[in-house]
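Below, each chain spelled out in residue letters.
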Amino acid sequence: MLICIKTVWFASAQSSWQHGSTLMSTGLAVFDTTVQETNTWLKLIEQRLPPCDRGDAYSALRGVLHVLRDHLPQEAVLSLSAQLPMLVRGFVLEGWRPADNAPRIRDPEAFIEAVGRKLPDRFPREPKGAVEAVFQVLAEQVDRDEVDKIAGHLPAPLRTLWPAPGAASA
């Protein structure tokens, strides 16, 4: 697949025209859309994790979602993945081996430690910050009912890691 980068004119959500923005174009709208949506998520995570860059935001998103995925029942993972941008869904499900009888982490500190093992050695923040940032972005970007369902599948102590309803954008 050929990917080209070009400068284009485009309309923003407010219908005002902006010039000179560099967009990636794959030639297939569905791919361009998922790249844009994924970049939006990464930018939101990056903003919550200074001094992290976009690559660190990706590591945080991937690490947190993999640990979360591995501690949810199969139907909850599939339900959550349906709410994610297609590109994010791909790396969430990558390497997944559904095992509903797998031991589940019950302690928030153990969850955070599991995330820490997924992050690169050079990650510039503590794993707790990555968990908080990713859960905040999930709470903002995913349907609230879906977030509540996901949280409901977790042991009560792990639910404390999720932002309170209405606090996601704080």
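Presented here is a report on the structure given in the accompanying data block. Note that this is a predicted model, so its numbers are computed, not measured.

What follows is about the packing of aromatic side chains. Per the counting criterion, the structure on display carries three aromatic pairs. When the centroid spacing of 6.0 Å and the interplanar angle of 45° are considered together, the rings of F111 and F135 count as tilted. Separated by 24 residues along the polypeptide, F111 in helix α5 (residues 108-118) and F135 in helix α6 (residues 127-141) bring together distant segments of the chain. Here the aromatic rings of F135 and W162 are separated by 4.1 Å at their centres, their planes lie at 5°, and the arrangement is stacked. Linking F135 in helix α6 with W162 in the segment after α8 (156-159), this pair joins segments that are 27 residues apart in sequence. The same class applies to F135 and to W162, which are both buried.

Before going further, it helps to examine the packing of α5 against α6. Where α5 meets α6, the axes come as close as 8 Å, and the angle between the chain directions of the two elements is 95°. Classed by the angle they form, the pair α5 and α6 counts as roughly perpendicular. In this structure, α5 contributes F111, I112, V115 and G116 to the contact, and α6 contributes P127, K128, V131 and F135. A breakdown of the residues in the contact of α5 with α6 according to their chemical character gives six nonpolar, one polar and one charged.

What follows concerns the environment of V115. Looking at the element boundaries, V115 is found in helix α5. Among the residues examined, V115 registers a relative accessible area of 0% and is labelled buried. Contact partners of V115, with chain neighbours within four places excluded, come to G63, V64, V67, P127 and V131.

As a further point, take the pattern of salt bridges. A side chain of one charge can pair with a side chain of the opposite charge if their charged atoms are brought near each other. Within this structure, the stated rule accounts for seven salt bridges. We note a salt bridge from R48 to E140, for which the minimum N-O separation is 2.4 Å. One end of the pair, R48, is in helix α1 (residues 29-48); the other, E140, is in helix α6, and 92 residues separate them in sequence. Here R48 falls in the partly exposed class, since its relative accessible area comes to 21%. According to the relative accessible area criterion, E140 is partly exposed, its value standing at 26%. The shortest N-O distance in the salt bridge between E132 and K128 comes to 4.0 Å.

In this section: the environment of R144. Relative to the helices and strands, R144 resides in helix α7 (residues 144-153). Taking C-alpha positions, R144 is 8.2 Å from P165, a pair spaced 21 residues apart along the chain. Sequence-distant contacts of R144, defined by excluding residues within four places in its chain, comprise A139, P163 and P165.

Rules used in this analysis
- Residues numbered from 1 in each chain as written.
- Predicted model: local features only at pLDDT ≥ 70, side-chain atom pairs only at ≥ 80, totals over all residues.
- Heavy atoms only, no water.
- Phe/Tyr/Trp six-rings, centres within 6.5 Å; stacked < 30°, edge-to-face > 60°.
- Helix = DSSP H or I, 4+ residues; strand = E, 2+ residues; numbered from the N terminus.
- Buried < 20%, exposed > 50% of the residue type's maximum accessible area, 1.4 Å probe, protein only.
- Axes fitted to C-alpha atoms, helices over the stretch in contact; angles between N-to-C directions.
- Parallel < 35°, antiparallel > 145°, perpendicular 65-115°, else oblique.
- Contact = heavy atoms within 4.5 Å.
- Nonpolar A, V, L, I, M, F, W, Y, C, P; charged D, E, K, R; others polar.
- Salt bridge = Lys/Arg side-chain N within 4 Å of Asp/Glu carboxyl O.

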